Amino acid sequence: MPTLTLILILVAVLFVTLTAILRRYRRCPSDKILVIYGKTGRTASAKCVHGGAAFIWPVFQDYAYLDLKPISIECNLTNALSKQNIRVDVPCRFTVGISTEPESMTNAAERLLGLSVDSIQNIATDILFGQLRLVIATMDIEEINADRDKFLANVSTNVEAELRKIGLRLINVNVTDIRDESGYIEALGKEAAAKAINDAKKSVAEQNRYGETGKAMADKDTRINVAAADADAVKGENNAKIEIANSDALRRQKTAEATRLAVAAEKVQAAKALEEAYQSERDAELARAAREEATQKANIVVAAEIDKEKKIIEAEAEAEQIRRKAKGEADAIYAKMDAQARGMLEILTKQADGFKNLVTAAEGDAQKAVLMMIADKLPELVKTQVEAVKGINIDKVTVWDTGNGADGKTATSNFISGMMKSVPPLDELFKMAGMELPSYLKGKAEKPDEQTAQE
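Analysis parameters
Residues numbered from 1 in each chain as written. Predicted model: local features only at pLDDT ≥ 70, side-chain atom pairs only at ≥ 80, totals over all residues. Heavy atoms only, no water. Patch = residues over 30% accessible without salt bridge, like charges linked within 9 Å, V, L, I, M, F, W, Y side chains within 5 Å. Areas by Shrake-Rupley, 256 points an atom, 1.4 Å probe, with all protein chains shown as cover. Salt bridge = Lys/Arg side-chain N within 4 Å of Asp/Glu carboxyl O. Helix = DSSP H or I, 4+ residues; strand = E, 2+ residues; numbered from the N terminus. Buried < 20%, exposed > 50% of the residue type's maximum accessible area, 1.4 Å probe, protein only. Phe/Tyr/Trp six-rings, centres within 6.5 Å; stacked < 30°, edge-to-face > 60°. Contact = heavy atoms within 4.5 Å. Core = buried A, V, L, I, M, F, W, Y, C linked by side-chain atoms within 4.5 Å. Expected span 1.5 Å × (residues − 1). Arc of directions from axis to C-beta. Pairing = 2+ DSSP bridges. Axes fitted to C-alpha atoms, helices over the stretch in contact; angles between N-to-C directions. Parallel < 35°, antiparallel > 145°, perpendicular 65-115°, else oblique. Left-handed = near helix turned anticlockwise from the far one by under 90°. Nonpolar A, V, L, I, M, F, W, Y, C, P; charged D, E, K, R; others polar. Disulfide = S-S within 2.5 Å.

Some details on a nonpolar patch on the surface
Next up, step 1: A cluster of nonpolar residues, Trp57, Val59 and Phe60, forms a patch on the protein surface that exposes about 420 Å² of accessible area.
Next up, step 2: As for its position among the elements, valine 59 is in the loop between strand S4 (53-55) and strand S5 (61-67).
Next up, step 3: With relative accessibility at 80%, the residue valine 59 sits in the exposed group.

Regarding the pattern of salt bridges
Next up, step 1: With the rule as written, the count across this model stands at 16 salt bridges.
Next up, step 2: For the salt bridge of glutamate 162 with lysine 165, the shortest nitrogen-to-oxygen distance reads 3.4 Å.
Next up, step 3: On the accessibility criterion, glutamate 162 (26% relative accessible area) is partly exposed.
Next up, step 4: The closest approach of N and O atoms between arginine 288 and glutamate 285, which form a salt bridge, is 2.8 Å. One end of the pair is arginine 288 and the other is glutamate 285, both in helix H7 (residues 238-361) and 3 residues apart, which spans about a single turn.
Next up, step 5: By relative accessible area, which is 33% here, arginine 288 ends up partly exposed.
Next up, step 6: A network of salt bridges, in which partner residues are shared, links Asp248, Arg251 and Arg252.

Side note on the packing of aromatic side chains
Next up, step 1: Counted by the stated rule, this structure contains 1 aromatic pair.
Next up, step 2: With 5.9 Å between their ring centres and 80° between their planes, tyrosine 63 and tyrosine 65 make a pair best called edge-to-face.

What about the side chain of threonine 295?
Next up, step 1: Inspection of the secondary structure puts threonine 295 in helix H7.
Next up, step 2: A relative accessible area of 18% places threonine 295 in the buried class.
Next up, step 3: Excluding residues that lie within four positions of it along the chain, threonine 295 makes contacts with Gln84 and Ile86.

What to know about the nonpolar core
Next up, step 1: Counting residues in hydrophobic clusters, the biggest one holds 42 residues, and the most contacted among them are Phe94, Ile136, Phe151 and Leu163.
Next up, step 2: Among the elements that line this core, the one with the most residues is helix H3 (residues 117-137), at 7 residues.
Next up, step 3: Core analysis: the second largest hydrophobic core is formed by 6 residues, Leu34, Ile36, Ala54 and Ile56 among them.

Brief notes about helix H5 (residues 148-164)
Next up, step 1: Between its first and last C-alpha, H5 extends 24 Å over 17 residues, near the 24 Å set by a 1.5 Å rise per residue.
Next up, step 2: Residues Phe151, Val155, Val159, Glu160 and Leu163 constitute the buried set of H5. For H5, the angular spread of the buried residues around the axis is 150°, confining them to a single face. Exposed residues lying more than 90 degrees from the buried face of H5 are Asp149 and Thr157.

Quick notes on the sheet that holds strand S2 (residues 32-38)
Next up, step 1: With antiparallel pairing, the 3 strands of this open sheet are ordered in space as S3-S2-S5. Every other strand in the sheet has two partners, leaving strand S3 (46-49) and S5 as the edge strands with one partner each. Taken pair by pair, the neighbouring strands of this sheet meet at an average axis angle of 25°, ignoring direction.
Next up, step 2: Two strands pair when backbone bridges link them, and S2 and S3 are joined in this way by 4 bridges, in the antiparallel orientation. Paired with tyrosine 37 across the two strands is alanine 46, which belongs to S3.

Some thoughts on the packing of H3 against H5
A pair of packed helices is captured by two measures, namely the crossing angle of their axes and the spacing between those axes.
Next up, step 1: For the pair H3 and H5, the least separation of the axes is 9 Å and the interaxial angle reads 140°. Regarding the angle of H3 to H5, the classification is oblique. As for the relative orientation of H3 and H5, their crossing is right-handed in sense. In this structure, H3 contributes Ala124, Ile127, Leu128, Gln131, Leu132, Leu134, Val135 and Ile136 to the contact, and H5 contributes Phe151, Asn154, Val155, Asn158, Val159, Glu162 and Leu163.
Next up, step 2: Residues of the contact of H3 with H5, tallied by class, amount to 11 nonpolar, 3 polar and 1 charged.

Digging into the state of the cysteines
Next up, step 1: All chains considered together, the criterion is met by 0 disulfides.
Next up, step 2: Its sulfur unpaired, cysteine 75 is 7.1 Å from the next cysteine sulfur, which belongs to cysteine 92.
Next up, step 3: Overall, cysteine 75 belongs to the buried group, its relative accessible area being 0%.

Quick notes on H3
Next up, step 1: Between its first and last C-alpha, H3 extends 30 Å over 21 residues, near the 30 Å set by a 1.5 Å rise per residue.
Next up, step 2: Buried within H3 are the following residues: Ile120, Ala124, Thr125, Ile127, Leu128, Gln131, Leu132, Val135 and Ile136.

What follows is the structure, given as structure tokens:
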């Protein structure tokens, strides 16, 4: 019994394993590409399988599909500039699809896997528009309009090379019609139609001339033969000869008339054909002149627009340079003023800190702090008073002294004393500043108060 259970377990395990293996074996439909990504064991980023099958290792690998169904893209290109600088409209319809070449399949797996059909169509549309404009810019309108095979070959060559980079290939190209704004293609068509009509008319006139000439020659031969037969029949008869002579004269008259009419008809037909040819040539010259005028206008207008855009760009660049220069100068001025303000703030802050430390050193007594500052600045104040009279240059002083000065002083001593009094003393300087000079700096002792006098 345990052996049977073990066998059943092994069979179940083998069945589950086989089922899992079969579920990981993927077949690729003919209209899709199987892309295996993950650990592929190759230099490429993914393994692409078309028209076969492959085993997908669990955990290490995974897979996705790329659809090979054709994608139709309508490219209504307008205002494309040709080699002659004439803008044309070229409506086209392209049919593209994912390529099955090995290198292209790898490119498609790297760049298009996971994208929707609309996204792939948008990417291909951008490439098609750019390459179509490039091909038109290298060809004349006559080549585009007349030699469609060459135009389609150039488009296919350029487009195929660019589409291969993203894994696509060009299936078909259809150009419905080509139009231009200047009417150049229409003028070419009118010129060709006029030439064909003139050739046909000329051919009809020549055939009519050949027919009339042949008819006249046949009539001539007939009448000659009839006249010869009549002459043989009535030979020897004078009356017959007279009638034959009269008939011959009438024949000559009629022949001359017919010849005149034939020549006149030929000249009339030739004149009409020549007139129509001149008319066609005149129309062709007018169309050619219109084309030349359109070409010259296109060259002048395009050059003027390019020059205008160039001047606008230069003016904008110069304005931008002026704006940046002004902004730089303003930033420099702002930075300079900001630095000066910061420096002034730092100086005032340090001064305030110094005053605070000075008051702290004076045990909080502001008067003592002021006295300490005055004591520190006292040499400078004295120097300032001395400098007030130092620079006085007295070349000559004349004093009239009578010798009767008050208090035994002469006029000369009074003059010198008054001049020294003009220098402001320290006490006055402190009073103007709202402070009181200490008594030991005034040069006299303070009066003792009443209590001190009693003591």
